[in-house]
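Working through the structure, step by step
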Amino acid sequence: MKKFIKVLKWTGIVLGVVIIALVLFIQFTWNRKLSAPYPQISASIDSSVIARGRYLAYGPAHCASCHMPVENFMEVERGKQLPMIGGWGLEISGFGTFRAPNLTPDIETGIGNRTDEELARSLRHSVGYDGRFLMPFMPFQEMSDEDLTAVISFLRSQEPVRHEVLPSEIGFIGKAIIALGLIKPEGPKQTPPHSVKIDSTVTYGKYLANSVGNCRVCHTEFDVNSGKQTGPDYAGGGLFPPDNLSGGFAFISPNLTPDSSTGVMAGWTEQMFVARFRAGRVQQRSPMPWGSFSRMDE
């Protein structure tokens, strides 16, 4: 009996040491500085470049849907081009609370002190100006150089607005997942194109859906904690938990593939597709930024 108690005692001591070591490892390594290349992107003052960036930010890339106080979301949906002062918050239980920052050129609370290359690195490699890991909420890693330049050029062209947004807060589970490498910065899977011809082609449609509009990420099943893809591309199943806009409802994204039995658009014509997008928001609580997509050019 004494021997058994002794074994239990030493087992407890070992487990305690392991747990303490793991906690210390997580606390001291989760926020380590990361390195990533700086894309050679420089903002332009060309009005046509800025106009393209504005179109993307309020349209298919829907930057304004998140970089805005939540109470202004429906105004943006209805087409009001409010300054992107940040403030949207997303809380994932145990993982953390994430807040979209101010993207106006304000020096103290916005991007006024950030270089073009730092902004481009954040969008393309999920690494902040200070080397911290940015959660992969912005799937623009393979946005073309020209469109990345256009978006940054537009952001620079805004009027600076002083609006302080609290930094995101990572919970212990989130820190552990980051420290253990279960979720990592997203970078381009292939060399981003310099430009993509704007046209009604499969190539441009694929680019919009994968690299600009975020259709693939939302309409594919992913593990909420790790961010890893668990289902086929565009087959639906993406879970959107209840939040402060959904009125307590959860949403599951539908299957967008042409499967005849489960694909929500399998029987649609091109005209039906365009008409649905032009109609904008029908389900008022839907997490999809229908307003932004309804203003896409044909």
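Everything discussed here concerns the structure shown above.
For the structure given in this document, a descriptive report is provided here. (Residues numbered from 1 in each chain as written. Predicted model: local features only at pLDDT ≥ 70, side-chain atom pairs only at ≥ 80, totals over all residues. Heavy atoms only, no water.)

Turning our eyes to something else, we now look at a nonpolar patch on the surface. A contiguous nonpolar patch, built from Leu15, Ile19, Val23 and Phe172 and spanning about 350 Å² of accessible area, is present on the exposed surface. Its location among the elements puts Ile19 in helix α1 (residues 2-29). (Patch = residues over 30% accessible without salt bridge, like charges linked within 9 Å, V, L, I, M, F, W, Y side chains within 5 Å. Areas by Shrake-Rupley, 256 points an atom, 1.4 Å probe, with all protein chains shown as cover. Salt bridge = Lys/Arg side-chain N within 4 Å of Asp/Glu carboxyl O. Helix = DSSP H or I, 4+ residues; strand = E, 2+ residues; numbered from the N terminus.)

In a beta sheet, neighbouring strands pair by backbone hydrogen bonds and run either parallel or antiparallel. The sheet built from 3 strands is open, its strands ordered β1-β2-β3 with antiparallel pairing. Since the sheet does not close on itself, it has two edges, and those belong to β1 (89-92) and β3 (169-170), each with one partner. In this sheet, β3 lies alongside strand β2 (residues 96-99) in antiparallel orientation, the contact comprising 2 bridges. Paired with Gly96 across the bridge in β3 is Ile170. (Pairing = 2+ DSSP bridges.)

Turning next to the pattern of salt bridges. Following the criterion strictly, the structure yields 11 salt bridges and no others. In this structure, Arg99 engages Glu169 in a salt bridge whose closest nitrogen and oxygen atoms are separated by 2.9 Å. Residue Arg99 is found in strand β2, and its partner Glu169 is found in strand β3; the two are separated by 70 residues along the sequence. When its relative accessible area of 43% is taken as the criterion, Glu169 is described as partly exposed. With a shortest N-O distance of 3.9 Å, Arg278 and Glu298 are connected by a salt bridge. Here Glu298 lies in the segment after α11 (290-294) and Arg278 lies in helix α10 (residues 270-279), a separation of 20 residues in the sequence. (Buried < 20%, exposed > 50% of the residue type's maximum accessible area, 1.4 Å probe, protein only.)

Turning our attention to the packing of aromatic side chains. Per the counting criterion, the structure on display carries 9 aromatic pairs. On the numbers, 5.9 Å between centres and 50° between planes, the contact of Phe95 with Phe98 is tilted. Like Phe98, Phe95 is buried. A connected cluster of aromatic rings, assembled from ring pairs, spans Trp268, Phe273, Phe277, Trp290 and Phe293. It is Arg114 that lies over the ring of Tyr129; its NZ or CZ is 3.4 Å from the centre. The ring of Trp290 has Arg276 lying over it, and the distance from NZ or CZ to the ring centre is 3.7 Å. (Phe/Tyr/Trp six-rings, centres within 6.5 Å; stacked < 30°, edge-to-face > 60°. Lys NZ or Arg CZ within 6 Å of the ring centre and 35° of its normal.)

As a further point, take the nonpolar core. In this structure, Met84, Met143, Leu148, Phe154, Leu155 and Val212 are the most contacted members of the largest nonpolar core, which totals 34 residues. Contributing elements (two or more residues each) for this core: α2 (47-58), α3 (63-66), α5 (116-125), α6 (145-157), α8 (202-212) and α11. If you tally residues by element for this core, the top one is α6, at 5 residues. Setting aside chain neighbours within four positions, we find Leu148 in contact with Ile41, Ala120, Leu123, Arg124 and Met143. Counting 12 residues, the second largest nonpolar core, distinct from the first, contains Ile26, Phe133, Ile170 and Ala176. (Core = buried A, V, L, I, M, F, W, Y, C linked by side-chain atoms within 4.5 Å. Contact = heavy atoms within 4.5 Å.)

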